[in-house]
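The chain contents come next:
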Amino acid sequence: DEAGIRNLVFFETRRVKGLLVVDEESANPGLARVTPIGVDANHIDICKPPDRQSVVYGAVRRFIATVRSSLGESRRPAGAGPGCPRRYATNGLIL
């Protein structure tokens, strides 16, 4: 948006215990150029993807890579191995 905050917004199309927790209308944050993405999953599977092959996991991973790349910080700090990921603070979010 205009403040430079990037957004990735999902909503579920499957019910959990009979409810759509976040439907398309309530997922819309009302920000220019932000379109909520419908996912063929329930709320739980969007919040906690079941595995690395899930659509949400892949989309979030690509989103984070894009943000990291735009910040010019796509590499880990010196001495950090694969078990020690770099943390990025972006507008209050830790990426």
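Shown above is the structure to which this text applies.
Residues numbered from 1 in each chain as written. Predicted model: local features only at pLDDT ≥ 70, side-chain atom pairs only at ≥ 80, totals over all residues. Heavy atoms only, no water.

**Q** Describe the side chain of Glu12, with residues and values.
**A** Positionally, Glu12 belongs in strand 1 (residues 10–12). For Glu12, the side chain forms a polar contact with the main-chain nitrogen of Val21, separated by 2.6 Å. Ignoring anything within four residues of it in the chain, the contact list for Glu12 reads Leu20, Val21, Val22, Val39, Ala41, Asn42, His43 and Ile46. (Helix = DSSP H or I, 4+ residues; strand = E, 2+ residues; numbered from the N terminus. Polar contact = N/O pair within 3.5 Å; in protein donor to acceptor, adjacent residues only side chain to side chain. Contact = heavy atoms within 4.5 Å.)

**Q** Now, about the environment of Pro29: what can you tell me, with residues and values included?
**A** Mapped onto the secondary structure, Pro29 falls in the loop between helix 1 (24–27) and strand 2 (37–39). Setting aside residues up to four positions removed in sequence, Pro29 forms contacts with Val9, Val34 and Pro36.

**Q** Go over the nonpolar core with me, naming the residues and quoting the values.
**A** One recurring pattern in soluble globular proteins: nonpolar side chains tend to sit buried together. Phe10, Val39, Ala41, Ile46, Val56 and Ala59 together form the largest nonpolar core, which totals six residues. Non-local contacts of Val56, meaning those with residues more than four positions away in its chain, are made with Phe10, Val39, Ile46 and Pro49. (Core = buried A, V, L, I, M, F, W, Y, C linked by side-chain atoms within 4.5 Å. Buried < 20%, exposed > 50% of the residue type's maximum accessible area, 1.4 Å probe, protein only.)

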